Amino acid sequence: MVIVSVSIGFTYLYLRHKEMPFLDKMAISSFFEEEEVKVRLYFSSFDASCLALEERKIKKCEDKIEQAKLMIKELIKGPLANNLKPTLPLNCQIKEVFSHKETIFVDFDQNFVEEHCKGSCGEILTIYSIVNTLLDNLNSYKKVQFLVEGKEIETLAGHIFLQQPLFKEKRLIKVETKRGK
Amino acid sequence: MMSLSHIFTSQKNKMIFNLKRRAFLLIVFLFLASSVVPWSLGAFTIKDILVMDNIENLRHSMVLINKNEIEYISITDFAYIFDGYLEKEDLFTKVIFKERDKEVTFNHGSKEVFIGNEKIFLDTSCQIIKRKSYIPFSFIRERWGEIINISIIWKKEQDTLILEKKKEEKDKKVKEQSLKVFPPPYPRQRGIEKDKEVKEQSLVKEERKKEEKDKEVKEQLLVKEEKKKARKEESLIKEKDSQEKTVSFLKKEEVVFDKRSHKRSNQGVVDLITIDPGHGGKDPGAVGSTGLKEKDVNLEVAKRVKELIETKSNIKVMMTRQLDEFIPLRRRSEMANAIKSKLFISIHANASFSEGADGFETYYLSAVASDNTARAVSLLENGVIEIENGAASKDYGYLEFILADMAQNQFIEESIELAGVLQEIAKKKLNIKSRGIKSALFYVLKDTTMPAILVEVGFVSNPTEEQRLKDSCFKEKIAECISEAILAYKDKYKESSGFTK
């Protein structure tokens, strides 16, 4: 009987513990297996005319920022489908991701700029594959601000104005159409 | 008899059992309740605020705690933002600001604060919340600025704290293009002093170069000093007007786009244009697999366009660069604006991570809303938009010209017209895939005060196209297309006095 009531007490405490946001939850969540979540990743179409969608299962993170970081890493890895093309240089890294209100900030390393293929087309697809991927999967954010080595940059490769946060661009996402001559 | 008493005892036992159980539950409940109560008494709310350090040019995001209607920030945040470090002694926490030569000692649970040896009293005492030390936010807002001689401004509605140099010092500083729209917080960096030096040096260099260029342009085109002043005034008036016309989508005021505004400076025949060969100098632009540099293609095509136009018409052509040199992006549009150029054409070559991508495409600026008016995000359209047949399709229903602080917004229609004409000609004459007319938020286009386009003449990342772009004949043909488009546009404009659909 003592055991029963004590165990009831502990179960109750445990449930309350879960509700408290600032107590450490790590110990509890490790009891469960690693969850996966389906994310929508946007890569370049074959002729680089638009973004094309590829869904992938990646590790689920409680923290949206960590989730964002993982998604960008997947974008860097590139598409699995062979009619899609990557939009980010393979050897660039995402240094930091953080947020303020509705804006998510992505801070890349110098390789993001140096190893880029350059050109308007390449730049647009790089920028918007990241913007659309992040904003499509994380609904609480509305804009993305780019940083390189912790600082703002005017443009990535001399074209798109990056000193302002960017919104999702839906028009780039469409079924690939063939353009005639 | 035995059975009866047996039943009796078992009933009694049951009762006792129930009582005991209830007692235990009660104890458990009380225990839990007691753990909850002190927690709720110490309730507080948390808010994210932004700190804009305009002196060091840094941004931080930090937490503001509101307990019993008083706002606090943590001592560690305070030290971090002002570049200090902590020393703890029992109930005292000292924050040492070496570079400012100040030591601040906080006393937990007390209103006393020592600045060096001087004692001052805060409005409320310092607190320990969840084992972290907090100081009243009012100290930062109201007192700290005076102590370290900087200007600290709290913008309550935007949850932003701004740190600035005191006024006399501010005026001395050279002003870079400042971030007005949205400031990002990013992790603080060490060694920021060096970067500042380098930045200032390059700024000085740029200023000098600017002066030289201005002289050149003046001489080249014989621009008089009085005329320049008059133009400046005009454009200032224009800017003021356009700002007043800003539409707040939520307020549903009148639309900003007034294409036949009589105050537009860009009236009249196309007699002077600016050709901008993209990249240059230390910026090669895109580079092909066999080493073809975009900057060289751009310059060659641009030079040829200038020759063709000046031979076939009396249009004067100014180039933003005639050599292999680096010109900053905003300088390019500034040059065009300074001489009151009637058109702006930026020439580029394309690239992508996909080798198979190829073709010819032309861009105009996409209309973008400023942060303040773009609350209705779903209606904001910035980025790449495609039009099937640019010249014919003049449906702007999908484009909301919400903001008017981008000068180029006034000339979108003309830009689309010019882009359409060029794309049509290129499609016919160049034997190249047409990727259509697109719009994007291009830096080089956004501040121009005349119809402006950016043309991507082919992909250097495509092996076949790279070879074509190495060939002078092909580049000659490209230049012919561009010059033809400009002349066609000029004629069209002339025919219908004032620009009509």
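Shown above is the structure to which this text applies.
Residues numbered from 1 in each chain as written. Chains lettered and ligands numbered in written order. Predicted model: local features only at pLDDT ≥ 70, side-chain atom pairs only at ≥ 80, totals over all residues.

Turning our eyes to something else, we now look at the overall build of chain A. Helix and strand counts for chain A stand at 5 helices and 6 strands. Tracing chain A from N to C terminus, the helices and strands come up as α-α-β-β-α-β-β-β-α-α-β. When each of the 181 residues of chain A is scored for burial, the buried share is 38%. Once local pairs closer than 6 in sequence are excluded, the contacts in chain A between residues at least 24 apart make up 62%. (Helix = DSSP H or I, 4+ residues; strand = E, 2+ residues; numbered from the N terminus. Buried ≥ 20, exposed ≤ 12 C-beta atoms within 10 Å, placed from the backbone. Contact = placed C-beta atoms within 7 Å.)

Turning our attention to the sheet that holds strand 9 (residues 127-129) of chain B. Residue and element names in this part refer to chain B. If you trace the 7 strands from one edge of the open sheet to the other, you get 9-10-3-2-1-12-11, paired in mixed fashion. At either end of the open sheet lies a strand with only one pairing partner, and these are strand 9 and strand 11 (151-155). The mean angle between the axes of side-by-side strands here comes to 35 degrees, regardless of whether they run parallel or antiparallel. The sheet contact formed by strand 11 and strand 12 (residues 160-164) spans 5 bridges and is antiparallel. The residue of strand 12 that forms the bridge with Ser 151 is Glu 164. (Pairing = 2+ DSSP bridges. Axes fitted to C-alpha atoms, helices over the stretch in contact; angles between N-to-C directions.)

We now examine the sheet that holds strand 5 (residues 103-108) of chain A. Residue and element names in this part refer to chain A. Strand order in the open sheet formed by 3 strands is 4-5-6, and the pairing between neighbours is mixed. The open sheet has two free edges, formed respectively by strand 4 (94-100) and strand 6 (143-148), since each of these has just one partner strand. Pairwise comparison of adjacent strand axes, ignoring direction, gives a mean angle of 20 degrees for this sheet. Bridge count for strand 4 against strand 5 is 6 bridges, and the pairing is antiparallel. Bridge assignment links Glu 96 to a residue of strand 5, and that residue is Asp 107. Its contacts with the sheet put helix 3 (residues 64-77) on strand 4 and strand 5, and the angle it makes with strand 4 is roughly 140 degrees.

Side chains three or four residues apart in an α-helix point the same way, a direct result of the helix having 3.6 residues per turn. All names here are of chain B. Across its 18 residues, helix 9 (residues 412-429) extends 26 Å between first and last C-alpha, which sits within 8% of the 26 Å expected from 1.5 Å per residue. Taken together, the buried positions of helix 9 are Ile 412, Glu 414, Ser 415, Ile 416, Glu 417, Leu 418, Ala 419, Gly 420, Val 421, Leu 422, Gln 423 and Ala 426. Backbone geometry just downstream of helix 9 places Asn 431 in the positive-phi region, at approximately 55 degrees. (Expected span 1.5 Å × (residues − 1).)

Contact residues are listed per partner, giving 52 residues for chain A and 50 residues for chain B. Listing elements by their share of the side of chain A that touches chain B, those giving two or more residues are helix 1 (2-19), strand 4, strand 5, helix 5 (120-137) and strand 6 of chain A.

Moving on to the packing of helix 3 of chain A against helix 5 of chain A. Residues and elements named next belong to chain A. Where helix 3 contacts helix 5, the axes come no closer than 10 Å and their chain directions differ by 140 degrees. Between helix 3 and helix 5, the interaxial angle falls into the category oblique. As for the relative orientation of helix 3 and helix 5, their crossing is right-handed in sense. Along its contact with helix 3, which presents Ala 68, Met 71, Ile 72 and Leu 75, the element helix 5 presents Ser 129, Ile 130, Thr 133, Leu 134 and Asn 137. The class makeup of the residues in the contact of helix 3 with helix 5 is 6 nonpolar, 3 polar and no charged. (Parallel < 35°, antiparallel > 145°, perpendicular 65-115°, else oblique. Left-handed = near helix turned anticlockwise from the far one by under 90°. Nonpolar A, V, L, I, M, F, W, Y, C, P; charged D, E, K, R; others polar.)

Attention shifts here to helix 3 (residues 137-148) of chain B. Residues and elements named next belong to chain B. The end-to-end C-alpha distance of helix 3 is 16 Å, a good match for the 16 Å that 12 residues give at a rise of 1.5 Å each. All buried positions along helix 3 are accounted for by Phe 137, Phe 139 and Ile 140. The buried residues of helix 3 all sit within an arc of 90 degrees when viewed along its axis, so they share a single face. Each element contacted by the buried residues of helix 3 is listed here: strand 2 (58-67), strand 3 (70-74), helix 2 (75-81), strand 10 (132-136) and strand 11. (Arc of directions from axis to C-beta.)

A:Val106, B:Phe442 and B:Ile482 are the most contacted members of the largest nonpolar core, which totals 107 residues. In contact with B:Ile482, not counting residues within four places along its chain, are B:Val305, B:Ile345, B:Leu422 and B:Val455. Judged by nonpolar contacts, the second largest core, of 14 residues, contains B:Tyr72, B:Ile75, B:Phe82 and B:Val104. (Core = buried A, V, L, I, M, F, W, Y, C linked by C-beta atoms within 7 Å.)

Residue and element names in this part refer to chain A. Relative to strand 2 (residues 51-59), strand 1 (residues 36-45) runs antiparallel, the two sharing 9 bridges. Note on strand 2: the bridge partner recorded for Phe 43 is Ala 52. Linking strand 1 to strand 2, which pair antiparallel, is a turn of 5 residues; within it Ala 48 sits at a positive phi near 55 degrees.

A few words on the pairing of strand 1 (residues 45-53) of chain B. Residue and element names in this part refer to chain B. Looking at chain direction, strand 1 and strand 2 are connected through 9 bridges and run antiparallel. In the sheet register, Met 52 faces strand 2, and the bridge partner there is Arg 59. Adjacent in sequence and paired antiparallel, strand 1 and strand 2 are bridged by 4 residues, among which Asn 57 carries a positive phi angle near 60 degrees.

Before going further, it helps to examine the environment of B:Gly359. All names here are of chain B. With respect to the helices and strands, Gly 359 occurs in the loop between strand 15 (343-350) and strand 16 (360-365). In the structure, Gly 359 is positioned 97 residues away from Glu 456 in sequence and 8.4 Å away in space, judged by C-alpha atoms. Discounting chain neighbours no more than four positions away, the residues touching Gly 359 are Ile 432, Lys 433, Ser 434 and Arg 435.

This paragraph deals with the environment of B:Ala286. Along the polypeptide, B:Ala286 turns up in the loop between strand 13 (272-277) and helix 7 (294-312). Owing to 31 C-beta atoms within 10 Å, B:Ala286 belongs among the buried residues under this scheme. In this structure B:Ala286 touches A:Cys117, A:Lys118, A:Gly119, B:Glu294, B:Ala349, B:Asn350, B:Ala351, B:Val460 and B:Ser461, once residues within four positions along its chain are discounted.

If you check the backbone angles, A:Ala48 has positive phi at about 55 degrees while not being a glycine. Positionally, A:Ala48 belongs in the loop between strand 1 and strand 2. One non-glycine residue, B:Asn68, lies in positive phi territory at about 50 degrees. Note that B:Asn68 resides in the loop between strand 2 and strand 3.

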